[in-house]
Amino acid sequence: MRIVGGSLGGRVLHAPRGAATRPTSEKVREAVFNILGAVDGDRVLDLFAGSGALGLEALSRGAAHATFVDAGKPAVAAIRDNLRALGLEDRATVIPGDAVASAARHQPAAPWRLVFVDPPYRSDLATRAVLALPCERLAADAVIVIEHDRHNAPPDALGSLLRTDERRYGDTLISFFVPSWGIPA
C-alpha cells in the first residue's frame with residue numbers, strides 16, 4: 001500500500017496486521033482525492049483511521065494538519081509508525097479511542113474541512129460518528145467522506161449534513177456529505 005499523490009507519492013504505508021483493518025485501496029483513495037480537488041491548508045479528521053491512509057494522503061497533498069482516531073492498538077501503532085516514517089509527526093494528532101466518542105469530544109484548533117469516516121462494514125458506526133460531530137467543529141465548506149458497503153449506506157441526510165454524491169468502486173461505496181448551511185441557495 002502506497003501514498004498515491006502529492007509530495008510523498010509512492011511512499012510505502014504500513015497497515016496493522018490482522019483482519020480487523022480494511023485499508024482503503026489506492027484506486028479508491030485516488031478517486032476520492034480527484035473528486036475533492038485541492039486540500040492545501042485544510043484540517044482533516046480521519047475517524048476509524050486504521051493505517052491512516054486517508055489522512056496521510058491528505059497531508060501528502062498539502063493539508064495543514066490531520067487528526068487520526070482509532071480504538072485498535074495495532075492501528076494506532078501503524079498510524080504513529082507511518083507518521084514517523086514520513087516525517088509528518090508535527091502535522092498530526094493521534095487519538096487512541098472510540099471514534100464516536102472522540103468525534104463528540106475532541107476540540108480541534110480550527111474547524112475541520114475534511115472528515116473521513118471509514119468504519120467496519122456492516123455497522124451503523126459511520127452514521128453514529130457523523131451525528132456525534134458538533135457542527136461548530138466543521139468548516140462552512142466541509143466535506144464528510146464516508147466509506148461503506150451497499151448494505152449499510154448512510155441516509156441522505158445526517159442531521160444538518162446532506163449527501164451530495166455517491167460513487168461505487170466494486171463492493172466499496174463512497175458517500176460525500178456537506179453541511180446544509182454550506183450549500184448555495
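Above this text sits the structure in question.
Everything in this summary refers to the structure shown in the same document. Quantities reported herein were computed from a predicted structural model and do not represent experimental measurements.

1. Some points on the overall build of the protein
(1) Moving on: Of regular secondary structure, the protein possesses 5 helices and 8 strands.
(2) Moving on: Starting at the N terminus and ending at the C terminus, the protein contains elements arranged as α-β-α-β-α-β-α-β-α-β-β-β-β.
(3) Moving on: Relative to the 2.2 N^0.38 estimate, which gives 16 Å for 185 residues, the radius of gyration of the protein is 15 Å and therefore close to what a compact globule would have.
(4) Moving on: Judged by the C-alpha coordinates and their principal axes, the protein covers about 45 × 35 × 30 Å.
(5) Moving on: For the protein, with 185 residues in total, the buried portion stands at 50%.
(6) Moving on: Considering only contacts in the protein between residues 6 or more positions apart, those separated by 24 or more positions represent 65%.

2. Observations concerning helix α1 (residues 26-36)
(1) Moving on: Along α1, the residues that are buried comprise V28, R29, A31, V32, F33 and L36.
(2) Moving on: Looking at the packing, one finds that the buried side of α1 touches α2 (53-60), β4 (112-117), β5 (138-148), β7 (161-169) and β8 (172-179).
(3) Moving on: Phi turns positive one or two residues past the end of α1, at G37, with a value near 80°.

3. What to know about the packing of aromatic side chains
(1) Moving on: On inspection of all chains with the given rule, the structure shows 1 aromatic pair.
(2) Moving on: Between F33 and F116, the aromatic rings sit 5.7 Å apart at their centres with planes inclined by 45°, giving tilted as the arrangement. On the criterion of sequence distance, the pair formed by F33 in helix α1 and F116 in strand β4 is long-range, its members being 83 residues apart.
(3) Moving on: For F116, a relative accessible area of 0% puts it in the buried group.

4. Digging into the sheet that holds β4
The pairing of strands in a sheet happens through backbone hydrogen bonds and is either parallel or antiparallel.
(1) Moving on: Spatially, β3-β2-β1-β4-β5-β8-β7-β6 is the arrangement adopted by the 8 strands of the open sheet, whose pairing is mixed. Single-partner strands in this sheet number two, and they are β3 (92-96) and β6 (157-158).
(2) Moving on: As paired elements, β5 and β8 share 5 bridges and run antiparallel to each other. Looking at β8, one finds that H148 is bridged to L173.
(3) Moving on: Across the sheet, helix α3 (residues 73-86) is in contact with β2 (65-70) and β3; its angle to β3 comes to roughly 165°.

Criteria and cut-off values
- Residues numbered from 1 in each chain as written.
- Predicted model: local features only at pLDDT ≥ 70, side-chain atom pairs only at ≥ 80, totals over all residues.
- Heavy atoms only, no water.
- Helix = DSSP H or I, 4+ residues; strand = E, 2+ residues; numbered from the N terminus.
- Rg over C-alpha atoms; globule rule 2.2 N^0.38 Å.
- Buried < 20%, exposed > 50% of the residue type's maximum accessible area, 1.4 Å probe, protein only.
- Contact = heavy atoms within 4.5 Å.
- Phe/Tyr/Trp six-rings, centres within 6.5 Å; stacked < 30°, edge-to-face > 60°.
- Pairing = 2+ DSSP bridges.
- Axes fitted to C-alpha atoms, helices over the stretch in contact; angles between N-to-C directions.

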